[in-house]
Amino acid sequence: MGGDSEQACPVSPVVDLVFSRWTTPILWTLNEFGRQRFVELQRAIGTITPKVLTQRLRQMERDGLVVRTYHPEVPPRVEYEISDLGRSLAPVFAHLADWSAQNLPKVERARQEFDAAGETR
């Protein structure tokens, strides 16, 4: 067979784009809290380093998911907000949040049952 992985699974590029390690929490934060300065965004996310946040924001700006606004003041001020394209993902996140609330307890039970059965396998 050996076809193109994007043909085999047409959502793979979207998963790679949106569900990378830090993209999801950045998009969620900007969608929930609106325009944020770098430090506010870093504080809201918590464990992300400044270097990684800078890299992810640049990539997301390049991908059209985030808008960066530079204000030539003293000191300079930069703000980030979710773009219309990024905001169009809100229903996806809402569905995932609903799925998570309904199904993560089932996933945890399945893991426990699997782990318990592993002792007798």
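The structure this text deals with has already been given above.
Bear in mind the structure is a predicted one, so any value in this text is a computation, not a measurement.

Draft legend 1. Summary view of the overall build of the chain. The secondary structure content of the chain amounts to 7 helices and 3 strands. Along the chain, helices and strands appear, N-terminal first, in the series α-α-α-β-α-α-β-β-α-α. Relative to a compact globule of 121 residues, whose C-alpha radius of gyration would be 14 Å, the chain shows 19 Å and is clearly more extended. Taken over the C-alpha atoms alone, the chain extends approximately 65 × 40 × 25 Å along its principal axes.

Draft legend 2. Structural view of the nonpolar core. By size, the foremost hydrophobic cluster in this structure holds 17 residues, and its most contacted members are Ile26, Leu27 and Val66. Those elements that provide at least two residues to this core are helix H3 (23-33), helix H4 (38-45), helix H5 (50-63) and strand S3 (77-82). Sequence-distant contacts of leucine 27, that is, excluding residues within four places in its chain, are made with Val18, Met60, Leu65, Val66, Ile82, Leu89 and Phe93.

Draft legend 3. Summary view of unusual backbone geometry. Here valine 74 and proline 75 are connected by a cis peptide whose omega angle stands at -5 degrees. Looking at where proline 75 falls in the secondary structure, it is placed in the loop between strand S2 (66-71) and S3.

Draft legend 4. How the structure looks around the packing of aromatic side chains. If you walk through the whole model with that rule in mind, you get 2 aromatic pairs. Summarising the aromatic geometry, the rings of phenylalanine 19 and phenylalanine 93 are spaced 6.0 Å apart at their centres and angled 80 degrees between planes, so their arrangement reads as edge-to-face. Within this pair, whereas phenylalanine 19 is found in the loop between helix H2 (12-18) and H3, its partner phenylalanine 93 is found in helix H7 (residues 90-118), the two being separated by 74 residues in sequence. A relative accessible area of 15% places phenylalanine 93 in the buried class.

Draft legend 5. View of the packing of H3 against H5. Remark: H3 packs on H5, axes separated minimally by 10 Å, with the N-to-C direction vectors making an angle of 75 degrees. What the angle tells us is that H3 and H5 run roughly perpendicular. In this structure, H3 uses Thr23, Ile26 and Leu27 to contact H5, whose residues at the interface are Leu53, Arg56, Leu57 and Met60. Looking at the contact of H3 with H5 residue by residue, the class counts come to 5 nonpolar, 1 polar and 1 charged.

Draft legend 6. How the structure looks around H5. Counted at 1.5 Å a residue, the expected span for H5 with its 14 residues is 20 Å, and the 20 Å between its end C-alpha atoms agrees. Summarising the contacts, the buried residues of H5 are in contact with H3, H4, S2 and S3. Immediately beyond the C-terminal end of H5, within one or two residues, lies glycine 64, with a positive phi of roughly 85 degrees.

Draft legend 7. Structural view of the side chain of threonine 29. Considering the arrangement of structural elements, one finds threonine 29 in helix H3. Here threonine 29 falls in the buried class, since its relative accessible area comes to 3%.

Draft legend 8. The arrangement of H4 in detail. Turning to H4, its buried residues are Leu41, Gln42 and Ile45. Here the buried residues of H4 occupy an arc of 100 degrees about the axis, which is enough to place them on one side. One or two positions beyond H4, positive phi appears at glycine 46, with a value near 100 degrees.

Calculation criteria
Residues numbered from 1 in each chain as written. Predicted model: local features only at pLDDT ≥ 70, side-chain atom pairs only at ≥ 80, totals over all residues. Heavy atoms only, no water. Helix = DSSP H or I, 4+ residues; strand = E, 2+ residues; numbered from the N terminus. Rg over C-alpha atoms; globule rule 2.2 N^0.38 Å. Core = buried A, V, L, I, M, F, W, Y, C linked by side-chain atoms within 4.5 Å. Buried < 20%, exposed > 50% of the residue type's maximum accessible area, 1.4 Å probe, protein only. Contact = heavy atoms within 4.5 Å. Phe/Tyr/Trp six-rings, centres within 6.5 Å; stacked < 30°, edge-to-face > 60°. Axes fitted to C-alpha atoms, helices over the stretch in contact; angles between N-to-C directions. Parallel < 35°, antiparallel > 145°, perpendicular 65-115°, else oblique. Nonpolar A, V, L, I, M, F, W, Y, C, P; charged D, E, K, R; others polar. Expected span 1.5 Å × (residues − 1). Arc of directions from axis to C-beta.

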